[in-house]
Amino acid sequence: MNVLHIALREVKLGFRNPWAYSFMALFTLFSLSLLLINTQNFMQGYSSSTASMLNLILYLLPLMTLLLGSFSLTAEKEEGSWQLLSTYPLTTFSFLWGKYVGLTSVLMTIVAFGYGVTGIIGALLGNGLDALTFGLFLAFSFGLVVLFLAAAICIGTVAKNRWQALTIGVAIWFFAVIGWPTLLVAALGLLPYLWIKPALTALTLVNPAEIVRLFVIVKLGGGAALGPEYYQWVSWIGKPSGTWVFILICTAWVIVSVSLANLIWERGRSRG
């Protein structure tokens, strides 16, 4: 029950946070840009328009998730809430998973609201996205939230205050989203040819943005645009079981990340 109690507490705190409403307004604006692009060029499957919108969401949503998630944990330290909570029979495991569940609910509500407004306006104007594309955009956004929030929990565990969380969060966002293509090419260029594909797979699994991006691009029918290096990814994602494998990968990513945060938090807790 402790996980549920912490989650409900986090939902209440989340919707009292002005940052949440600022991000909701910003994400809704981004979602409406989907509708504007669709009125000019009907989007179905993978195209230059869908690729542009995926990139826009990829720039905004991970940063938003990293900041809200990490700030939530560092606020507990700065404001003394954790010192009070630690006097109760509350395990670190319950605290962190409660935080994760509550923040996931808040962020998914923000995403659902943005897409909901877009869907309603699109339906009224008769220029809505087709069901498959709309569903994959929603899955893309939810996947980013789930994975980057797990990373945010780790950041909030390591950071001592909001400024540290901001610095680490922006750095991770930059390397995972903005600098990833350049860093990937540079790293793979240093390896022997036979090592490139295994290294590419391992590095992709480390980057949550890349995992979700590849899945959605393949499901939209754009696997050919990824190049021969990603043939194995296109192959398994394209299968009927690909969605379940993707869910298992995401689940494992979250469990490992939150478990790591639990170990770090426990170590700091034991040292006082």
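Refer to the preceding data block for the structure.
Each value, and the rule that gives it
Residues numbered from 1 in each chain as written. Predicted model: local features only at pLDDT ≥ 70, side-chain atom pairs only at ≥ 80, totals over all residues. Heavy atoms only, no water. Salt bridge = Lys/Arg side-chain N within 4 Å of Asp/Glu carboxyl O. Helix = DSSP H or I, 4+ residues; strand = E, 2+ residues; numbered from the N terminus. Buried < 20%, exposed > 50% of the residue type's maximum accessible area, 1.4 Å probe, protein only. Arc of directions from axis to C-beta. Contact = heavy atoms within 4.5 Å.

**Describing the pattern of salt bridges**
No. 1: Per the stated rule, a full pass over the model turns up 5 salt bridges.
No. 2: Between Arg-9 and Glu-76 there is a salt bridge; the shortest N-O distance is 2.9 Å. Of this pair, Arg-9 sits in helix H1 (residues 2-14) while Glu-76 sits in helix H3 (residues 48-78), and the two are 67 residues apart along the sequence.
No. 3: Residue classification places Arg-9 among the partly exposed residues on the basis of a relative accessible area of 24%.
No. 4: For Glu-76, a relative accessible area of 3% gives the class buried.
No. 5: Here Lys-99 makes a salt bridge to Glu-10, at a shortest N to O gap of 2.7 Å. Placement of Lys-99 in helix H5 (residues 92-125) and of Glu-10 in helix H1 is noted, with a sequence separation of 89 residues between them.

**What to know about helix H8 (residues 180-189)**
No. 1: Looking at H8, one finds that the buried residues are Trp-180, Leu-184 and Leu-188. Seen end-on, H8 carries its buried residues on one side only, within an arc spanning 55°. In H8, the exposed positions angled more than 90 degrees off the buried face are occupied by Thr-182, Val-185 and Gly-189.
No. 2: Of the surrounding elements, those touching the buried residues of H8 are helix H7 (162-178), helix H9 (193-206) and helix H10 (208-219).

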